[in-house]
Each structure stands twice: as structure tokens, then as C-alpha cells.
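Examining the three-dimensional arrangement
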Amino acid sequence: MALDKDQFIEDLKGASITDLNDLVKAIEDEFGVSAAAPVADAGAAGGDGAAAKSTFTVELTEAGSAKVKAIKAVREITGLGLKDAKDLVDKAPSAIKEDVSEDEANDVKAKLEEAGAVVTVK
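Small disclaimer: the values here were computed from a predicted structure and weren't measured.

Right, let's talk about the sheet that holds strand β3 (residues 118-121) for a bit. A sheet is described by the order of its strands in space; here 3 strands give the open sequence β2-β1-β3, paired in antiparallel fashion. The two strands at the open ends of the sheet, each matched to only one other strand, are β2 (94-100) and β3. Ignoring strand direction, the axes of neighbouring strands in this sheet form an average angle of 20 degrees. Here strand β1 (residues 56-62) runs beside β3; their pairing, made up of 4 bridges, is antiparallel. By the bridge assignment, L60 is partnered in β3 with V119.

Structure representation (C-alpha cells):
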């Protein structure tokens with residue numbers, strides 16, 4: 001039986017955060033691996049401590065005047081359900097995406113700003 005990658009990815013897109021968390025735990029248990037990012041030694045970056053930032057966090061500062069549009073944008077970006085997305089928007093400032101590339105952070109920021117939200121990339 002061959003693995004259909006495209007179908008697998010589509011299934012993952014439709015899964016809830018809880019389901020994805022359970023999947024990660026099951027994979028960790030089954031294969032004896034860890035999904036945690038390795039922590040680099042501070043001295044391993046060349047010792048100068050001025051390494052270029054490679055990951056960013058997109059933070060929703062405020063929902064803006066079109067809160068419903070902001071909730072829809074958060075749902076699209078994160079894959080969260082309606083209640084979870086609404087809670088995230090209501091608790092602003094809150095992180096929408098963490099540890100993402102600069103390009104992805106800028107894309108997420110643009111989508112949220114298009115929906116009328118105020119966004120900060122850290």
C-alpha cells in the first residue's frame with residue numbers, strides 16, 4: 001500500500017489542533033523521536049551572539065474594527081475552529097504563528113492586515 005502524500009496533507013489540514021497534537025505524540029512514542037526543536041548552545045553560533053534572526057513570531061496586537069474578518073483570517077491561517085480562533089482574537093495581543101520564516105511571517109501579517117487587524121512581527 002503506497003502512501004498518498006497529497007491525501008495525507010489534506011487530512012492534516014482538516015484536523016483539529018488536538019488531533020494533530022495526539023498524532024505528534026503517537027509518532028514520538030512509536031518511533032522514539034522528539035518533535036521538540038533542538039536547543040543550540042549559545043557558544044556554537046560563532047561566539048559573537050549577533051547571528052541573524054531566522055525565525056519570527058506573528059502577534060495579533062488588536063483585531064481592529066472588522067473583528068469578524070480578523071477571526072476568519074486567523075481560522076484560515078491557523079486551521080483552528082471558530083471558537084478557538086475567536087478566543088485567540090479576543091485575547092489580543094496573542095501569538096498567531098510562532099517560529100516561522102520571515103517570508104511566512106510577512107504573508108501572515110499581510111493576510112491579517114488585509115482583514116483590518118493590527119499585527120506585529122517579532
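Anyway, onward from the coordinates.
What follows concerns the packing of helix α3 (residues 67-78) against helix α5 (residues 102-114). Between α3 and α5, the shortest axis-to-axis distance is 8 Å and the interhelical angle comes to 155 degrees. Classed by the angle they form, the pair α3 and α5 counts as roughly antiparallel. In the packing of α3 onto α5, the handedness of the crossing is right-handed. Residues A70, A73, V74, E76 and I77 of α3 lie in contact with α5, whose contacting residues are V108, K111 and L112. A breakdown of the residues in the contact of α3 with α5 according to their chemical character gives 6 nonpolar, no polar and 2 charged.

Before going further, it helps to examine the nonpolar core. Among the nonpolar cores identified, the biggest contains 20 residues, and V58, V74, V89, I96, V108, L112 and A117 are the most heavily contacted of them. Listed by contribution, the elements that provide at least two residues to this core are β1, α3, α4 (82-90), β2 and α5. With 5 residues, α3 is the single largest residue contributor to this core. Apart from residues lying up to four places away in sequence, A117 is in contact with L60, E62, A63, G64, A70 and L112.

Rules behind the numbers
- Residues numbered from 1 in each chain as written.
- Predicted model: local features only at pLDDT ≥ 70, side-chain atom pairs only at ≥ 80, totals over all residues.
- Heavy atoms only, no water.
- Pairing = 2+ DSSP bridges.
- Helix = DSSP H or I, 4+ residues; strand = E, 2+ residues; numbered from the N terminus.
- Axes fitted to C-alpha atoms, helices over the stretch in contact; angles between N-to-C directions.
- Parallel < 35°, antiparallel > 145°, perpendicular 65-115°, else oblique.
- Left-handed = near helix turned anticlockwise from the far one by under 90°.
- Contact = heavy atoms within 4.5 Å.
- Nonpolar A, V, L, I, M, F, W, Y, C, P; charged D, E, K, R; others polar.
- Core = buried A, V, L, I, M, F, W, Y, C linked by side-chain atoms within 4.5 Å.
- Buried < 20%, exposed > 50% of the residue type's maximum accessible area, 1.4 Å probe, protein only.

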